[in-house]
Amino acid sequence: SLPAKLINGGIAGLIGVTCVFPIDLAKTRLQNQQNGQRMYSSLSDCLIKTIRSEGYFGMYRGAAVNLTLVTPEKAIKLAANDFFRHHLSKDGKKLTLLREMLAGCGAGTCQVIVTTPMEMLKIQLQDAGRIEAQKKLMAAQAQLSSSPAAAAAEPAVERRPTATQITRELLRSKGIAGLYKGLGATLLRDVPFSIVYFPLFANLNKLGQKDPNVKAPFYVSFLSGCVAGSTAAVAVNPCDVIKTRLQSLQRGVNEDTYSGILDCTKKIWQREGPTAFFKGAYCRALVIAPLFGIAQVVYFVGIAEFLLDLLPKRRA
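Conventions used here
- Counting from 1, residues in each chain are numbered in the order their sequence is written.
- Side-chain atom pairs in this predicted model are given and counted only at pLDDT of 80 or more, local residue features only at pLDDT of at least 70, and totals for whole chains, interfaces and linings cover all residues.
- Side-chain measures here rest on the full set of heavy atoms in the structure, leaving out hydrogens and waters.
- Note on conventions: DSSP H or I runs of at least 4 residues are helices, E runs of at least 2 residues are strands, and numbering of each starts at the N terminus.
- Throughout, exposure labels follow a simple rule: accessible area from a 1.4 Å probe, protein chains only, divided by the maximum for the residue type, with under 20% read as buried, over 50% as exposed, and the rest as partly exposed.
- Should any heavy atoms of two residues lie within 4.5 Å, those residues are considered in contact.
- Here the accessible surface of atoms and residues is derived via Shrake-Rupley with a 1.4 Å probe, and residues count as covered only by protein chains that are part of the display.
- Surface patches are defined over residues having more than 30% relative accessible area and no salt bridge, joining like charges when they lie within 9 Å and nonpolar side chains (Val, Leu, Ile, Met, Phe, Trp, Tyr) when within 5 Å.
- Between Lys or Arg on one side and Asp or Glu on the other, a salt bridge is scored when a side-chain nitrogen of the former is within 4 Å of a carboxyl oxygen of the latter.
- A cavity, in this analysis, means grid points on a 1 Å lattice covering only the protein atoms where a 1.4 Å probe fits yet has no way out; a pocket is instead an open set bounded by protein on both sides within 12 Å along at least five of seven lines, and a residue lines either one if it has an atom within 4 Å of a point.
- Grid points are joined across faces, edges and corners, and a volume is the space filled by probe spheres set on the points.
- Residues are sorted three ways: Asp, Glu, Lys and Arg are charged, Ala, Val, Leu, Ile, Met, Phe, Trp, Tyr, Cys and Pro are nonpolar, and all the rest, Gly among them, are polar.
- Residue types Ala, Val, Leu, Ile, Met, Phe, Trp, Tyr and Cys, when buried and joined through side-chain atoms within 4.5 Å, form a set referred to as a nonpolar core.
- Think of a polar contact as two N or O atoms within 3.5 Å of one another; within protein, one of them needs to be a possible hydrogen donor and the other a possible acceptor, and neighboring residues in sequence only count if both atoms come from side chains.
- To pair, rings of Phe, Tyr and Trp, with the six-membered ring standing in for Trp, must have centres within 6.5 Å; the planes then decide the type, stacked if under 30 degrees apart, edge-to-face if over 60, and tilted in the middle.
- Expected span, for any helix, means 1.5 Å times one less than how many residues it has.

### So, the overall build of the protein chain
Thought 1: A count of helices and strands for the protein chain gives 12 helices and zero strands.
Thought 2: Helices and strands in the protein chain line up, N terminus first, as α-α-α-α-α-α-α-α-α-α-α-α.
Thought 3: Residues counted as buried form 48% of the 316 residues belonging to the protein chain.
Thought 4: Long-range contacts, defined as pairs at least 24 residues apart, comprise 80% of the intrachain contacts of the protein chain with a sequence gap of at least 6.
Thought 5: In the form shown here, the protein chain has an accessible surface area of approximately 15,900 Å², with 65% of it arising from carbon and sulfur atoms.

Here's what the structure looks like:
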C-alpha cells in the first residue's frame, strides 16, 4: 500500500543519512574548494581537520535538515518510481529498459520538490566550517606578517547561522524562489541519476530472485542498491559539483561566483580543468552506495520482513 511504501521509504532515508552523513559533509567541502584556496587534500584529511577544529559533532553540521526532509524526499522518490513503473507496465508484461528509464525519470523529477531546498540549506551548514577555517588561516597569515601586537590578538569568532535563520533570510529577501536556487542543476543531477539507478537496481535485484513471484534475499537487495547507487553517483558527479557550487551562498577568499549552469561549467573547465568535475566523486560513491543499499533493503523488502529475516526461524 502507498502508506506502507511512504513509511518504509522514510525509515530507509533516516537510517541511511545517519550512517553516511560525515562523508557527505566531506564531499561538499571538497567540491566547494577551488584552486589556490584548498583546505583539504582528501576525504580523511577533511574529516580529521573537521574533528580537530569543530569536534565530533562538527561532522554532522546540517544533519538535522537532512533528517527532517529526507523522509519525504526518499518516500517520494521510491514511491514515485513504483507508481510510474506500475502505470507503464502493460498487462503484467515485463517492463522494457526504455520504460524503466522513463519511470526513473519521473521519480527524479518528483523528488526535486523536496531535494532542492533540503540541499540548499544543508550545503550552507556543511560548508560553514570550511569558510570559517579559511578566514582564520588568512587572518593568522596576515597577523604574522604584521606587528607582534597584532599577531597576539585573537581573531573574532563569527556565529554560524542556523537552518532556521538561513530559511527566514532567504524567504525575506527572495521569497520561496530563494529556497529553490539551483533547481535546474538539481534536476540535471537527479533525473539522470534516477534514469541510471532504478533500471540498474531492478535488473541486478532480479538476478538474485529464484522465482519471479518471490522477493530476492535482503542481502541481494542491499548489494544491488550499493552497486547501482555508486555507479549512478559517479556518472552524474559533474552535475553534482555544479549544483553544489551554484547553491553555496558564501564564498571563500578569492573564490569564483557563478551566474548560472553554463557560467559555472565554463569557469570550472577553464580555471580548474576537467578533473574538477569529479571532485568528491569517491566520497559521493561512498555516501550513495550504503545509503541506497540500506534504503532498498528497508523499502523493497519491507521493514517488518527485514526484521523477521534476521530472526532465527522456529523449527516446526
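This is not the end of the story, as more comes after the structure.
### Structural notes on a nonpolar patch on the surface
Thought 1: On the surface, Tyr 219, Phe 222 and Leu 223 cluster together to form a nonpolar patch covering roughly 300 Å² of accessible area.
Thought 2: Here Leu 223 shows up in helix α8 (residues 218-235).
Thought 3: Judged by relative accessible area, Leu 223 falls into the exposed class, the value being 51%.

### Things to note about empty space enclosed by the protein
Leftover empty space is mapped by rolling, across the atoms, a probe with the size of a water molecule.
Thought 1: Per the stated rule, a full pass over the model turns up one cavity of 30 Å³ or more.
Thought 2: Size it by volume and the largest cavity reaches roughly 310 Å³.
Thought 3: Every residue lining the largest cavity is counted, 23 residues in all, and those nearest its centre are Lys 74, Glu 119, Arg 284, Ile 288 and Leu 291.
Thought 4: Elements that contribute at least two residues to the lining of the largest cavity include exactly α1 (2-32), α3 (63-88), α4 (97-144), α7 (183-207) and α11 (281-301).
Thought 5: Its residues assigned to classes, the lining of the largest cavity shows 10 nonpolar, three polar and 10 charged.

### A word on the pattern of salt bridges
Thought 1: All told, the structure shown has 17 salt bridges when counted by the stated rule.
Thought 2: Two residues, Asp 240 and Lys 27, come together in a salt bridge whose shortest N-O distance is 2.9 Å. Linking Asp 240 in helix α9 (residues 237-247) with Lys 27 in helix α1, this pair joins segments that are 213 residues apart in sequence.
Thought 3: Its relative accessible area of 0% is what places Asp 240 among the buried residues.
Thought 4: For Asp 256, the salt bridge is made with Arg 271, and the minimal N-O distance between the two is 2.5 Å. Of this pair, Asp 256 sits in the loop between α9 and α10 (261-272) while Arg 271 sits in helix α10, and the two are 15 residues apart along the sequence.
Thought 5: One network of salt bridges, with partners in common, ties together Asp 24, Lys 27, Glu 119, Lys 122, Arg 189, Asp 190, Asp 240 and Lys 243.

### What about the nonpolar core?
Grouped burial of nonpolar side chains is what soluble globular proteins tend to show.
Thought 1: Counting residues in hydrophobic clusters, the biggest one holds 20 residues, and the most contacted among them are Val 17, Phe 193, Tyr 197, Phe 198, Ile 288, Leu 291 and Phe 292.
Thought 2: Elements supplying a minimum of two residues to this core: α1, α3, α7, α8 and α11.

### Focus: the side chain of Asp 190
Thought 1: Structurally, Asp 190 can be placed in helix α7.
Thought 2: The class of Asp 190 is buried, set by a relative accessible area of 4%.
Thought 3: Here Arg 189 takes part through its side chain, which lies 2.7 Å from a polar atom of the side chain of Asp 190.

### Thoughts on the packing of aromatic side chains
Thought 1: Here the structure, examined in full by the defined rule, presents 10 aromatic pairs.
Thought 2: Measuring from ring centre to ring centre gives 5.4 Å for Tyr 56 and Phe 57, while their planes differ by 80°; the resulting arrangement is edge-to-face.
Thought 3: For Phe 57, a relative accessible area of 69% corresponds to the exposed category.
Thought 4: Counting every residue linked through ring pairs, the aromatic cluster contains Phe 193, Tyr 197, Phe 198, Phe 201 and Phe 292.

### Here we look at helix α6 (residues 163-174)
Thought 1: With 12 residues, α6 should cover 16 Å at 1.5 Å per step; its first-to-last C-alpha distance of 16 Å lies within 8% of that length.
Thought 2: Where α6 ends, the next residue or the one after it, Gly 175, has phi of about 75°, a positive value.

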